[in-house]
2 protein chains.
Amino acid sequence: PSKPLAKLRGVARQAIKLAKDDPRRLIHSLKVGLTVTLVSLLYYLQPLYNNLGASAMWAVMTVVVVFEFSVGGTIGKCLNRGLATLAAAALALGANHLSILSGGGNEPYVIGLFVFVQAVAMSFVRFFPKVKAKYDYGMLIFILTFSLVSISGLRMNEVIKLAQARLVTIVIGASTCLAVCILIYPVWAGEDLHNYVAKNISQLGNFLEGHMDQCFQTSCDARIEITKPSISNLNSILVDSKGREETLANLAGWEPGHGQFMFRHPWKQYLKIGSLTRQCACRLEPINGFLNSNIQLQAPQEIQCTIQEAFSESRKALKELAWAIETMTKPSSANPHIANLKTASANIKILLRSSIWGDESDSLQIIPIAAVM
Amino acid sequence: PSKPLAKLRGVARQAIKLAKDDPRRLIHSLKVGLTVTLVSLLYYLQPLYNNLGASAMWAVMTVVVVFEFSVGGTIGKCLNRGLATLAAAALALGANHLSILSGGGNEPYVIGLFVFVQAVAMSFVRFFPKVKAKYDYGMLIFILTFSLVSISGLRMNEVIKLAQARLVTIVIGASTCLAVCILIYPVWAGEDLHNYVAKNISQLGNFLEGHMDQCFQTSCDARIEITKPSISNLNSILVDSKGREETLANLAGWEPGHGQFMFRHPWKQYLKIGSLTRQCACRLEPINGFLNSNIQLQAPQEIQCTIQEAFSESRKALKELAWAIETMTKPSSANPHIANLKTASANIKILLRSSIWGDESDSLQIIPIAAVM
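Predicted, not measured: the structure shown is a model, and the values here were computed from it. (Residues numbered from 1 in each chain as written. Chains lettered and ligands numbered in written order. Predicted model: local features only at pLDDT ≥ 70, side-chain atom pairs only at ≥ 80, totals over all residues. Heavy atoms only, no water.)

Some details on the overall build of chain A
Piece 1. Regarding its fold elements, chain A presents 15 helices and zero strands.
Piece 2. Among the 373 residues that make up chain A, the fraction classed as buried is 49%.
Piece 3. Long-range pairs, those at least 24 residues apart, make up 77% of the contacts in chain A between residues at least 6 apart in sequence.
Piece 4. Carbon and sulfur atoms provide 62% of the accessible area of chain A, an area that totals close to 18,000 Å². (Helix = DSSP H or I, 4+ residues; strand = E, 2+ residues; numbered from the N terminus. Buried < 20%, exposed > 50% of the residue type's maximum accessible area, 1.4 Å probe, protein only. Contact = heavy atoms within 4.5 Å. Areas by Shrake-Rupley, 256 points an atom, 1.4 Å probe, with all protein chains shown as cover.)

Written out as structure tokens, the structure reads:
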């Protein structure tokens, strides 16, 4: 019985770590609990129940399905769900009307045809990349509502009353959701994107910093400190960042102005910065391979020192750029570093052309950093 | 009126392109339409309707929500939905029972507490990476079903009958879905993953091939053909592949044996190959930067030819490996190429050590390919 206990302890440890890494997760869970319980009140309150009846469950359903981690996600899902329900219900009622006009017992076939055509068309539209990114959920709800409303029309004459009750409960559910999501500790996707992009650039700086002392044993210049190697990996920037940035930018697109972002920000520019960061990471990655191969940098002192300077300057420039993005200031403080870096890389080129030397694959890979910046 | 018309034509062109690129998309849409229409029959058939009543709409809902492009996705959603509904309904009935035992008009508070605690706990569990990857949908359905069943219990004494009808309709919807999804032109995520991984490796080969004639004007060896440059980009491998591979591997995990995959394949190995492919792509990427810089490769003829051989051999080896994965054979035909490549890269190293030369940043970046393989 100690093995499941150990496993349980492992899960608990992981849960604590998740909550510590980002306390907003815990807050989000509490917010969901609060909203679901609030909406359940609809069932307890006699007058409301009498009006809405069993439709009240749509409110609970809306809350559970629509409540997302970020404000942008929640607003996007609410709008998708609301608009798709409205459009699909209206079209389905129209289809119903048409089928009644066709008359003569043909109604089920006409309705069946409408449902089929609509489901095929909407399922195909979901493959459009732009639709998939922002309106996938809306398309799903459209198919669902259209099918339900149009086939219900065959049986019940109260379709409109049903649709009304459904709409009211969806509005109640969605507005409770939005209120809780925005008013209590909101999580803005835009802010997340902003910090994430800045963090990635500063991680490039950390990477250079962490590898300084592995590449060079001695410092040529008192101004250049060689710090302890930090465990930093470019892998996450290279591989995970694009998907994450695109998701965040999509979500941020739904968000109104907020916080430092009082005016709507150009989210696409963030994607461009992110893409440049990835290119830069790809240029830096070979340094890792060089270090793993355990070849000591054997080059004349002069070259070593120039490379060291380029390392150090690009590190500083990257850090300044990250800081500038984070604080939303003009990145003028990075300019002198970039100028120094360019001089250093020009020097490296001259040295390489002029002198004879051995196995040194690393130096030229630093140059592209200057180009990226 | 010509502008919206032009836009419409653009959309139509895009739709045709989407269908041509992957005709399975069109088939999938038709399958969804068929299934939704089939399930709608429940409404038309008098005897079935009398038994299930308005609950029949749950069948339509299940189909729309659960039907995914790949078999793995559909099975995964079905299992998630089915098991989560069962578990949540059972627990909610238990909670109801407890609240009745507490008695004395306290029922709503007890139920409210249960709903709150459950919603908080499950929302938090969704943040666990493993849960998020495979069971996110199940968690959502759990919160939904638990809340609905437990609060319905306050009002109706027919909860069990309701739950039963819901379960039956979900089973009907899910099984129709599965039948159509698996029996009519199934799309296997496992097969997609298999082909995708092989395609990426062969794209690395294409990349080398496409850049051969840009790097070298003349062929040193009649055996090495220099082909036209094909437009091939490593960007998609570097950036998009990880997310896609992980999604496919997750979906494939739900699938039973099928086609060439009669026995369950070790999907995690595919992820490892994918990760090596990405590393390799990152090593090759600098070649692009070298070409963009418009520097002609100025090196002694001897070195040029050795590099050319390494290029050519790694291209062949990559192609052979891709072919071996695709056809599921032992990649023994790649071995001689790898051996040649190792010789060539060793030669390059020797030549580099021995001779004096200028700006040649490219050669050493080819070597790591050998290491990757």
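Things to note about the environment of Lys134 of chain B
Residue and element names in this part refer to chain B.
Piece 1. Considering the arrangement of structural elements, one finds Lys134 in helix 7 (residues 129-134).
Piece 2. Classification of Lys134 as partly exposed rests on a relative accessible area of 24%.
Piece 3. A C-alpha to C-alpha distance of 29 Å links Lys134 and Leu38, two positions 96 residues apart in sequence.
Piece 4. Not counting residues within four places of it along the chain, the set of residues in contact with Lys134 comprises Asn80, Asn250, Gly253 and Trp254.

Observations regarding the packing of aromatic side chains
Piece 1. One pass over the full model with this rule turns up ten aromatic pairs over all chains.
Piece 2. Judged by centre distance (5.4 Å) and plane angle (75°), the rings of Phe127 of chain A and Phe69 of chain B are edge-to-face. On the criterion of chain membership, the pair formed by Phe127 of chain A in the loop between helix 6 (107-125) and helix 7 (129-134) and Phe69 of chain B in the loop between helix 4 (56-66) and helix 5 (71-102) is interchain, its members lying in two chains.
Piece 3. Note on Phe69 of chain B: relative accessible area 21%, which makes it partly exposed.
Piece 4. Ring geometry for Phe124 of chain B and Phe127 of chain B: centres 6.3 Å apart, planes at 65°, overall edge-to-face. Just as Phe124 of chain B is buried, Phe127 of chain B falls in that class too.
Piece 5. Taken together, the ring pairs in this structure connect Phe69 of chain A together with Phe124, Phe127 and Phe128 of chain B into an aromatic cluster. (Phe/Tyr/Trp six-rings, centres within 6.5 Å; stacked < 30°, edge-to-face > 60°.)

Re a positive patch on the surface
Piece 1. Taken together, Lys3 and Lys7 of chain A together with Lys130, Lys268 and Lys272 of chain B make up a surface patch of like positive charges.
Piece 2. Looking at where Lys130 of chain B falls in the secondary structure, it is placed in helix 7. (Patch = residues over 30% accessible without salt bridge, like charges linked within 9 Å, V, L, I, M, F, W, Y side chains within 5 Å. Salt bridge = Lys/Arg side-chain N within 4 Å of Asp/Glu carboxyl O. Lys, Arg positive; Asp, Glu negative; His and termini not counted. Charge placed at Lys NZ, Arg CZ, Asp CG, Glu CD.)

Some remarks on the side chain of Arg126 of chain A
All names here are of chain A.
Piece 1. The topology assignment puts Arg126 in the loop between helix 6 and helix 7.
Piece 2. Overall, Arg126 belongs to the buried group, its relative accessible area being 18%.
Piece 3. Dropping the residues within four chain positions of it, Arg126 is found in contact with Val131, Lys132, Asp136, Met139 and Leu140.

Quick look at the side chain of Thr62 of chain B
Piece 1. Tracing the backbone shows Thr62 of chain B in helix 4.
Piece 2. At 2.6 Å, the side chain of Thr62 of chain B and the backbone oxygen of Trp58 of chain B are in polar contact. (Polar contact = N/O pair within 3.5 Å; in protein donor to acceptor, adjacent residues only side chain to side chain.)

Some words on the pattern of salt bridges
In a structure, side chains of opposite charge can pair up when their charged atoms sit close to one another.
Piece 1. Tallying each qualifying case throughout the model produces 14 salt bridges over all chains.
Piece 2. Arg24 of chain A is the salt-bridge partner of Asp22 of chain A, the closest N and O atoms lying 3.0 Å from each other.
Piece 3. Of the charged contacts in the structure, one is a salt bridge between Lys242 of chain B and Glu246 of chain B, with a shortest N-O distance of 3.9 Å. Separated by four residues within a single helix, Lys242 of chain B and Glu246 of chain B lie in helix 11 (residues 235-252), roughly one turn from each other.
Piece 4. Lys242 of chain B sits in the partly exposed class, given a relative accessible area of 22%.
Piece 5. In the salt-bridge network here, residues are joined through shared partners; they are Asp22, Arg24 and Asp192 of chain A.

Some words on the packing of helix 4 of chain B against helix 5 of chain B
All names here are of chain B.
Piece 1. In contact at an axis separation of 9 Å, helix 4 and helix 5 are set at 135° when each is read in the N-to-C sense. In terms of axis orientation, helix 4 runs oblique to helix 5. Judged by residue contacts, Trp58, Met61, Thr62, Val65 and Val66 of helix 4 engage Thr74, Lys77, Cys78 and Arg81 from helix 5.
Piece 2. Of the residues in the contact of helix 4 with helix 5, the class split is five nonpolar, two polar and two charged. (Axes fitted to C-alpha atoms, helices over the stretch in contact; angles between N-to-C directions. Parallel < 35°, antiparallel > 145°, perpendicular 65-115°, else oblique. Nonpolar A, V, L, I, M, F, W, Y, C, P; charged D, E, K, R; others polar.)

Some points on the nonpolar core
Piece 1. Counting residues in hydrophobic clusters, the biggest one holds 102 residues, and the most contacted among them are Met61 of chain A together with Met61 of chain B.
Piece 2. Once residues within four sequence positions are removed from consideration, Met61 of chain A is found in contact with Arg81 of chain A together with Trp58, Met61, Leu144 and Leu148 of chain B.
Piece 3. With 50 residues, the next largest nonpolar core counts Leu193, Ala252 and Ala281 of chain A together with Ile201 of chain B among its residues. (Core = buried A, V, L, I, M, F, W, Y, C linked by side-chain atoms within 4.5 Å.)

Side note on the confidence of the model for chain A
All names here are of chain A.
Piece 1. Averaged over every residue, the pLDDT of chain A is 76; residues scoring 70 or more account for 72%.
Piece 2. For residues 355-373, every residue scores under 50 in pLDDT, and the model assigns this stretch 47 contacts once sequence neighbours within four places are set aside.
Piece 3. Confidence estimates for the predicted assembly give a pTM of 0.80 and an ipTM of 0.79. (pLDDT = per-residue confidence, 0-100.)

A few points about the state of the cysteines
Piece 1. Under the counting rule described, the total for this entry stands at zero disulfides over all chains.
Piece 2. No disulfide involves Cys78 of chain A; its sulfur sits 5.5 Å from that of Cys177 of chain A, the nearest cysteine. (Disulfide = S-S within 2.5 Å.)

Description of a nonpolar patch on the surface
Piece 1. A surface patch of nonpolar side chains, amounting to about 670 Å² of accessible area, comprises Leu34, Leu38, Leu41, Leu45, Leu183, Ile184 and Tyr185 of chain A.
Piece 2. Ranked by the residues each element gives to the nonpolar patch, the list is headed by helix 2 (residues 24-44) of chain A, at three residues.

As for helix 2 (residues 24-44) of chain B
The α-helix winds at 3.6 residues per turn, so residues separated by three or four positions along the chain end up facing the same way.
Piece 1. For helix 2 of chain B, with 21 residues, the first-to-last C-alpha span of 30 Å sits near the 30 Å given by 1.5 Å per residue.
Piece 2. Of the positions making up helix 2 of chain B, those classed as buried are His28, Ser29, Lys31, Val32, Gly33, Thr35, Val36, Val39, Ser40, Leu42 and Tyr43 of chain B. (Expected span 1.5 Å × (residues − 1).)

A word on helix 5 of chain B
Piece 1. Under the 1.5 Å per step criterion, the end-to-end length of helix 5 of chain B is 46 Å for 32 residues, consistent within 8% with the ideal 46 Å.
Piece 2. Of the residues trailing helix 5 of chain B, Gly103 of chain B is marked for its positive phi of about 60°.

What to know about the environment of Asp192 of chain A
Residues and elements named next belong to chain A.
Piece 1. Residue position: Asp192 is located in helix 10 (residues 189-215).
Piece 2. For Asp192, a relative accessible area of 16% puts it in the buried group.
Piece 3. Along the sequence, Asp192 and Ala252 sit 60 residues apart, while their C-alpha atoms lie 9.0 Å from each other.
Piece 4. Setting aside anything within four residues of it in sequence, one finds Asp192 in contact with Arg24, Val187 and Leu248.

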